[in-house]
Amino acid sequence: MIKPEHEPRGDYSRMRADYTVAQNYSGYSSAEHDLYRRLVERQSAKLAGYACEEFIENVALLSSDGIPNFDSANHLIGAATGWQIVAVPGLVPDDVFFAHLAARRFPVTVWLRTPEEFDYIVEPDIFHDFFGHVPLLLNPVFADYLQEYGKGGMKALGLDALGYLARLYWYTVEFGLINTPDGMRTYGAGILSSGGEITYCLDSPSPHRLGFDLMRVMQTEYRIDRFQDTYFVIDNYEQLFRETAQDFTPLYPRLRKLPTLDPSNA
Ligand code: HBI
Ligand code: FE
């Protein structure tokens, strides 16, 4: 997700050096558990025909009655791909985020949106992170891609190339589309946790849907406060892994000479 201009939400006062916190599961109110249940019910009713099959299967495997308990989810996640989710107060600095991904740890925010934010929230809350991101951590190839991405991000920070990697994350992990034998589907967490964009991304005639092209993805800007104007479509997760397993260092000087593309006419 993107960093907002204003102070991030969440309680950072008790975090450890790596920005992780205790989830404090008993601290959630029954109203919060109910709100989480309603978010899951609403979203689950929209997945068929729009979410990729592996997401639908895995979200069922991870289902919980109310807000999920990270410790119990981690038994399943760890057994499936060796990933662990770690509780964080909210957005963490880029270098911390990438270091966690590079170590097969996915940061999951502990706070839940308010009822007024049922349909839209700017910052990642526990529903966006757990419902949207965690199911694909059970997919071995996607899990390997995410770790490679984390390693690439740490290198990019050193080469002042974070913006390019943030676009790659945005157009794959957050808003990616994928071709399947049953038609085009989405695997992006930002779409899968959104009540409106999950149908818009495939049904609307207005956005561009372009075949995945690594350099073009990293040249294309994105907006955080509206449905996307451009989506990139992969054929499979192996394609993502293959494209990002290479060393990006030689790509950055080339990207700096290329124009930045506006997503509304990408
Ligand atoms: N922190 N908790 C959290 N979650 C994110 O998705 C996140 C972050 N910090 C930085 C960040 N994402 C971005 O740098 C990436 O989108 C590239
Ligand atoms: Fe996200």
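Residues numbered from 1 in each chain as written. Chains lettered and ligands numbered in written order. Predicted model: local features only at pLDDT ≥ 70, side-chain atom pairs only at ≥ 80, totals over all residues. Heavy atoms only, no water.

A.B. asks: Lay out the overall build of the protein chain in plain terms, naming residues and giving numbers.
C.D. replies: Secondary structure summary: the protein chain contains 12 helices and six strands in total. Computed over C-alpha atoms, the radius of gyration of the protein chain comes to 18 Å, within 12% of the 18 Å expected from 2.2 N^0.38 for 266 residues, which places it in the range of a compact globule. The principal-axis extent of the C-alpha atoms belonging to the protein chain is close to 55 × 40 × 35 Å. Residue burial in the protein chain is summarised as follows: out of 266 residues, 54% are buried. Here the protein chain has roughly 11500 Å² of accessible surface; of this, 53% comes from carbon and sulfur atoms. Considering the protein chain, the positive charge centre built from 23 side chains and the negative charge centre built from 36 side chains are found 4 Å apart. (Helix = DSSP H or I, 4+ residues; strand = E, 2+ residues; numbered from the N terminus. Rg over C-alpha atoms; globule rule 2.2 N^0.38 Å. Buried < 20%, exposed > 50% of the residue type's maximum accessible area, 1.4 Å probe, protein only. Areas by Shrake-Rupley, 256 points an atom, 1.4 Å probe, with all protein chains shown as cover. Lys, Arg positive; Asp, Glu negative; His and termini not counted. Charge placed at Lys NZ, Arg CZ, Asp CG, Glu CD.)

A.B. asks: Tell me about the side chain of E123, residues and numbers included.
C.D. replies: Tracing the backbone shows E123 in the loop between β2 (105–109) and α5 (126–133). Buried E123, no salt bridge; nearest opposite-charge side chain is R9, N-O distance 5.5 Å. At 3.2 Å, the side chain of E123 forms a polar contact with the backbone nitrogen of R9. (Salt bridge = Lys/Arg side-chain N within 4 Å of Asp/Glu carboxyl O. Polar contact = N/O pair within 3.5 Å; in protein donor to acceptor, adjacent residues only side chain to side chain.)

A.B. asks: Tell me about the pairing of strand β5 (residues 208–211), and please be specific about residues and values.
C.D. replies: Across four bridges, the pairing between β5 and strand β6 (residues 230–234) is parallel. Each residue of the ladder has a partner; that of H208, found in β6, is T230. Crossover handedness for the path β5 to helix α10 (residues 214–219) to β6: right-handed. (Pairing = 2+ DSSP bridges. Right-handed = clockwise from strand over helix to strand, strands pointing away.)

A.B. asks: So what about the pairing of strand β4 (residues 183–186)? Which residues, and what values?
C.D. replies: In this sheet, β4 lies alongside strand β3 (residues 177–180) in antiparallel orientation, the contact comprising four bridges. Within β4, the position partnered with I178 by the bridge is R185. Hairpin geometry of β3 and β4 is characterised by an intervening segment of two residues between the two adjacent antiparallel strands.

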